[in-house]
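Observations on chain architecture
One-letter residues, chain by chain:
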Amino acid sequence: MSKNDKGTAVVTGASSGIGAVYADRLAGQGYDLVLVARRADRLQALAEKLRHDHGHNVSVISADLSDDGDVRRVEQSISADETVTLLVNNAGLGGQAVVATADADAAERMIKVNVVALTRLTRAVLPGLLARNRGGIVNIASVLAFDTSFGGIYSGTKAYVVNFTEALHREVAGTGVTVQVVLPGATRTDFWELSGGDIDQLPKEIVMTADDMVDAALVGLARGEAVTVPALADTGKLDTFLGARQAFYGSLHADKPAPRYAA
């Protein structure tokens, strides 16, 4: 175990925005940190600040999670670290709204970061968490998992994150490992600029700060929420949605096609 009882939190996409706020808050809660992101200069600067502010161990791994070799390097590092108690899969790419004009390589990079890397890193730490019977995994999805109007590629990757994490939550039920999926709405970070968007075009009343989003998500994690939607005021709506989805699924099985498909 690390020098403190909290252990070590691994945060991807940690050099700015939501990931940097998670790093700060988790250090404040007593975690040592492993920060993962592409931008080594920003990572080092953040690590130095967090060491100074919180006095915990902070190490960095500069890695491009769209690169297979880099993902495997991160996998090997965190799977071998027995102090890891929390993984925050925050790294993500956006953009590529229209499939017909999307850059195929950019779309592939998005899928690799948002889906493949998240899955592989989860798989890297999960056996150790289960063996030690403690810890958690937090996967950052998006409310756009439920809305394709901004394009199917990004929305599709985030729908995967939701389904993957819900299934993982059932898988670890009854153990000391917790699993949470977080669905932010519009959040003010440099993600928008990097994705080619302009968050200032949105109504101010629907744009949340990264600090508020992360603080709410951490409250949800502490309460044991499997699904956390920081902007959702009425949690009954989430229960209704999930219940309706399950009821709909139950109606999808029969030994014969529905009558409307009769020749």
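Residues numbered from 1 in each chain as written. Predicted model: local features only at pLDDT ≥ 70, side-chain atom pairs only at ≥ 80, totals over all residues. Heavy atoms only, no water.

Some remarks on the nonpolar core
Ranked by size, the top nonpolar core spans 34 residues in total, and within it V36, L65 and V74 carry the most contacts. It is helix α4 (residues 104–132) that provides the largest number of residues to this core, a total of eight residues. Once residues lying within four places of it in the same chain are set aside, the contact partners of V36 are V10, V11, T12, G13, A14, L43, I61, A63, L65 and V74. Judged by nonpolar contacts, the second largest core, of 30 residues, contains A9, V21, L43 and V88. (Core = buried A, V, L, I, M, F, W, Y, C linked by side-chain atoms within 4.5 Å. Buried < 20%, exposed > 50% of the residue type's maximum accessible area, 1.4 Å probe, protein only. Helix = DSSP H or I, 4+ residues; strand = E, 2+ residues; numbered from the N terminus. Contact = heavy atoms within 4.5 Å.)

Some points on empty space enclosed by the protein
A full pass over the atoms with the stated rule returns one cavity of 30 Å³ or more. Computed from the structure, the largest cavity encloses a volume of approximately 30 Å³. What lines the largest cavity is simply F146, V162, E166, V181, V227, L238 and L242. Contributions of two or more residues to the lining of the largest cavity are made by α5 (152–171) and α8 (235–250). (1 Å grid on protein atoms, 1.4 Å probe; cavity = no way out; pocket = protein on both sides within 12 Å on 5 of 7 lines; lining within 4 Å. Points joined across faces, edges and corners; volume = space filled by probe spheres on them.)

Some words on the pattern of salt bridges
Evaluation of the coordinates by the stated rule reveals nine salt bridges. Between K112 and D68 there is a salt bridge whose closest N-O contact spans 3.5 Å. A residue pair is termed long-range when its members are at least 10 positions apart, and K112 in helix α4 and D68 in helix α3 (residues 68–79) qualify at 44 residues. With relative accessibility at 40%, the residue D68 sits in the partly exposed group. Two residues, E166 and R245, come together in a salt bridge whose shortest N-O distance is 2.7 Å. Of the two residues, E166 sits in helix α5 while R245 sits in helix α8, which places them 79 residues apart along the sequence. Classification of E166 by relative accessible area gives buried; the value is 17%. Here the residues in one salt-bridge network are D24, R25, D211 and D215, joined through shared partners. (Salt bridge = Lys/Arg side-chain N within 4 Å of Asp/Glu carboxyl O.)

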